[in-house]
Every structure is written in structure tokens, then in C-alpha cells.
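Report on the structure
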Amino acid sequence: LFLGHAWGESVKRALALLVAACPCAFVLSGPVATICALSAAAKRGVLIRGSAALETLADVRAVAFDKTGTLTQGAPRVRDFVALDGVSSEYSLGIAAALESHSDHPLARAVVDFAREQNAPPVEISQVQEIGGRGISGVADGQTFHIGRAELFDALQNEAQQTVEKLRQSGRSVAVLGRGEQAIAAFGFADTMRDEAREVLQNLKHAGVKNRVVLSGDHEASVRDVAQHAGADEFRAALLPEDKLGAMRDLSTRYGTVAMVGDGINDAPALAQADVGIAMGTG
């Protein structure tokens with residue numbers, strides 16, 4: 001002031017000198033802010049692996065969402081059940097419930113609950129095996145049964161194909177129960193959108209995320225409906241776990257830093273491929 005320097009310029013020089021001479025407070029402010037953020041997130045039920053994941057989120061320009069249990073409630077219910085090819089509904093339900101009792105997938109739990117509500121007779125099943133990303137199989141009464149995506153079958157008989165298409169057109173997710181290559185029942189599921197899903201996707205757009213995409217193993221009509229209601233920029237349907245992995249690589253090439261939000265089971269490869277993996281539900 002005595003030398004006639006401007007007040008604002010003098011303050012800037014003084015601060016620069018303080019930072020250069022004693023940078024401890026400046027350097028420590030970053031880790032302290034990160035620790036505070038990790039602690040605040042933990043109090044809200046969000047566990048973050050470390051500061052690197054937290055800081056990478058700031059650079060994310062594309063976010064991929066799984067559908068079931070992520071944008072939807074993850075508590076689907078069986079809304080339609082059709083017995084096919086003259087097989088009794090009680091027997092089909094018993095077989096389906098026995099198979100699905102070995103799976104933790106939300107659709108599997110829905111089948112088990114529905115069979116219980118319908119008082120389906122219990123069935124002994126053995127040699128149960130997961131069919132990667134497609135369904136589950138097992139042996140009962142000396143015959144092999146499997147339940148899962150309609151794509152499990154090389155070809156569906158006319159009645160089964162028409163039933164599957166009708167369910168899909170009504171926006172249902174579909175699972176087919178088969179005995180060998182013969183479809184003997186079809187299930188139609190409905191889930192409910194999370195109330196906050198659309199708001200979350202809008203907030204991401206305002207935060208600078210250029211692409212919000214839904215990646216799902218479900219059929220196109222169901223995925224399109226959820227994507228439109230949530231306000232996503234694009235969607236990809238009928239994806240196997242390895243397809244989701246490829247989709248994440250594509251998004252990474254197009255946008256750079258990407259994040260994936262999924263259930264942590266079928267989405268594990270895609271979550272690992274993303275720069276930031278966000279696991280919901282079972283984790």
C-alpha cells in the first residue's frame with residue numbers, strides 16, 4: 001500500500017507467497033475433501049472403493065444402466081402363465097419352481113413365489129446347471145428340463161412362438177420352460193420403474209454426461225419401454241453378459257471415460273470393463 005500497488009493485486013501476491021512458502025494446508029485439502037466425501041457417501045449406504053473411483057466419476061461422459069433391479073424395482077411378478085403342448089399347468093409350475101429355486105435372479109424368485117401362490121406340487125430335481133446368461137437346466141423324472149430366454153430353443157413350435165410374441169408385444173419379459181427342445185410353458189413378467197429413475201438420468205445430463213444408455217438381456221419391446229420412460233439416449237436389448245462387455249468397449253471408444261450401473265451378477269464383466277463400476281442390489 002505504501003508503494004502504491006493495487007489492493008487486489010497485493011492480495012493475490014500475498015496468497016501466492018503463502019502457498020509457496022507453506023503448502024501443507026493446500027496439499028492436505030484434497031485428501032480431506034475426499035475422505036469427507038467417502039464418509040458422507042457411506043452414511044447414505046454407498047460404499048466407494050477409494051479416492052480414484054470417486055475422482056474418475058468427474059470425467060465420466062457416458063453411463064450405461066442395466067434394466068432389471070437398476071432402473072426398475074427389481075421385484076418382477078409373474079403376470080401371465082401359459083401351459084403349452086397339453087402339459088398340465090401344475091406339473092409345469094412344479095418343474096419351473098424346482099429349477100428356479102437354484103437361482104438368485106429376480107425373475108427366478110418371481111417364478112418360485114408364483115408357484116407357491118398356486119400351490120404347485122414340489123418336484124425333485126437333480127444335475128442343476130447354469131446356462132451362462134441364458135437360463136438354468138436340470139433333470140427330473142429322467143428327463144432334462146430348462147428354463148430361461150426363448151433363445152435357448154433352436155426353434156419354438158407355432159403355439160409357443162405365438163405365445164411368446166403376444167407376451168412381448170404387451171411389454172412383458174418372457175421366460176420359457178422346455179423339456180428337451182419342446183416348450184411346455186411360458187411366463188410373462190412385469191416390473192415397476194423406480195420412481196427416481198427419470199430424475200437421476202436428467203441430473204446426469206445436466207452434469208455433463210453425453211450418453212445415457214440402457215443395456216439389457218431382455219427383449220427389445222420391454223427395454224425400449226423402460227428406456228423411453230427413463231429418458232435414456234439409447235438402448236440395446238437381448239444382450240448376453242459378453243455382449244454387454246462389448247457394448248462397454250464401444251462406449252469407451254466413443255466417449256472416453258464411462259461408468260456402468262448394474263446388479264453385480266450378470267453384469268460383472270461389464271462392471272469390470274467400465275472405468276467406474278457401480279453395483280446395486282446384491283452388489
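Analysis parameters
- Residues numbered from 1 in each chain as written.
- Predicted model: local features only at pLDDT ≥ 70, side-chain atom pairs only at ≥ 80, totals over all residues.
- Heavy atoms only, no water.
- pLDDT = per-residue confidence, 0-100.
- Helix = DSSP H or I, 4+ residues; strand = E, 2+ residues; numbered from the N terminus.
- Phe/Tyr/Trp six-rings, centres within 6.5 Å; stacked < 30°, edge-to-face > 60°.
- Buried < 20%, exposed > 50% of the residue type's maximum accessible area, 1.4 Å probe, protein only.
- Salt bridge = Lys/Arg side-chain N within 4 Å of Asp/Glu carboxyl O.
- 1 Å grid on protein atoms, 1.4 Å probe; cavity = no way out; pocket = protein on both sides within 12 Å on 5 of 7 lines; lining within 4 Å.
- Points joined across faces, edges and corners; volume = space filled by probe spheres on them.
- Nonpolar A, V, L, I, M, F, W, Y, C, P; charged D, E, K, R; others polar.
- Pairing = 2+ DSSP bridges.
- Contact = heavy atoms within 4.5 Å.
- Axes fitted to C-alpha atoms, helices over the stretch in contact; angles between N-to-C directions.

**Regarding the confidence of the model for the chain**
The predicted model of the chain has a mean per-residue pLDDT of 90, with 98% of residues at 70 or higher. Taken element by element, the predicted model of the chain shows its lowest mean pLDDT in helix H2 (residues 24-43) (84) and its highest in strand E1 (residues 62-65) (97).

**With respect to the packing of aromatic side chains**
Scanning the entire structure with this criterion turns up 4 aromatic pairs. An angle of 40° between the planes, with centres 4.9 Å apart, marks the rings of phenylalanine 81 and phenylalanine 187 as tilted. In this pair, phenylalanine 81 sits in strand E2 (residues 77-83) while phenylalanine 187 sits in strand E7 (residues 182-190), placing the two residues 106 residues apart along the sequence. By relative accessible area, phenylalanine 81 is classed as partly exposed at 22%. Linked through ring pairs, Phe81, Phe114, Phe187 and Phe189 together constitute an aromatic cluster.

**As for the pattern of salt bridges**
Within this structure, the stated rule accounts for 15 salt bridges. Between arginine 149 and glutamate 151 there is a salt bridge, and its shortest N-O distance comes to 3.8 Å. A relative accessible area of 43% means that glutamate 151 is categorised as partly exposed. Of the charged contacts, one joins arginine 236 and aspartate 250 as a salt bridge, the two residues approaching to 2.7 Å between their closest N and O atoms. In this pair, arginine 236 sits in strand E9 (residues 234-236) while aspartate 250 sits in helix H10 (residues 241-255), placing the two residues 14 residues apart along the sequence. Residue class for arginine 236 comes out partly exposed when judged on its relative accessible area of 21%. The class for aspartate 250 is partly exposed, based on a relative accessible area of 29%. Within the structure, one salt-bridge network assembled from shared partners comprises Glu234, Arg236, Asp250 and Arg254.

**Observations concerning the layout of surface pockets**
Computed from the structure, the largest pocket encloses a volume of approximately 800 Å³. What lines the largest pocket is a set of 39 residues, and nearest its centre among them are His105, Leu107, Gly133, Arg149 and Asn266. Class assignment for the residues of the lining of the largest pocket results in 15 nonpolar, 12 polar and 12 charged. Estimates place the volume of the second largest pocket at around 640 Å³. Along its surface, the second largest pocket is lined by 18 residues, and Val46, Leu47, Ile48, Gly277 and Ile278 are the ones closest to its centre. Listed by contribution, the elements that provide at least two residues to the lining of the second largest pocket are helix H3 (51-56), helix H11 (268-273) and strand E11 (276-279). Take the lining of the second largest pocket: its biggest share by element is 4 residues, from E11. Looking at the lining of the second largest pocket residue by residue, the class counts come to 12 nonpolar, 3 polar and 3 charged.

**Description of the pairing of E7**
Along E7, 8 of the 9 residues are buried, which leaves the element largely enclosed by surrounding structure. The sheet contact formed by E2 and E7 spans 6 bridges and is antiparallel. The residue of E7 that forms the bridge with alanine 83 is alanine 185. As judged from the 7 bridges shared by strand E6 (residues 173-179) and E7, these two strands associate in the antiparallel manner. When the sheet's bridge partners are listed, valine 174 is paired in E7 with glycine 188. The turn linking E6 back onto E7 is made up of 2 residues, and glycine 180 within it adopts a positive phi angle of 65°.

**Topic: the side chain of histidine 219**
By secondary structure assignment, the location of histidine 219 is in the loop between strand E8 (211-215) and helix H9 (220-230). You can call histidine 219 buried: its relative accessible area is 8%. When residues no more than four places from it in sequence are discounted, the contact partners of histidine 219 are Arg168, Arg172, Ser173, Val174 and Ala237.

**Considerations on the sheet that holds E2**
If you walk across this open sheet you meet the 6 strands as E2-E7-E6-E5-E4-E3, and the pairing is antiparallel. Only two strands of the sheet have a single partner each, and these edge strands are E2 and strand E3 (126-131). Each neighbouring strand pair of the sheet contributes to a mean axis angle of 15°, computed without reference to strand direction. Packing of helix H7 (residues 158-169) onto the sheet brings it into contact with E2, E6 and E7, and relative to E7 it is tilted by some 5°.

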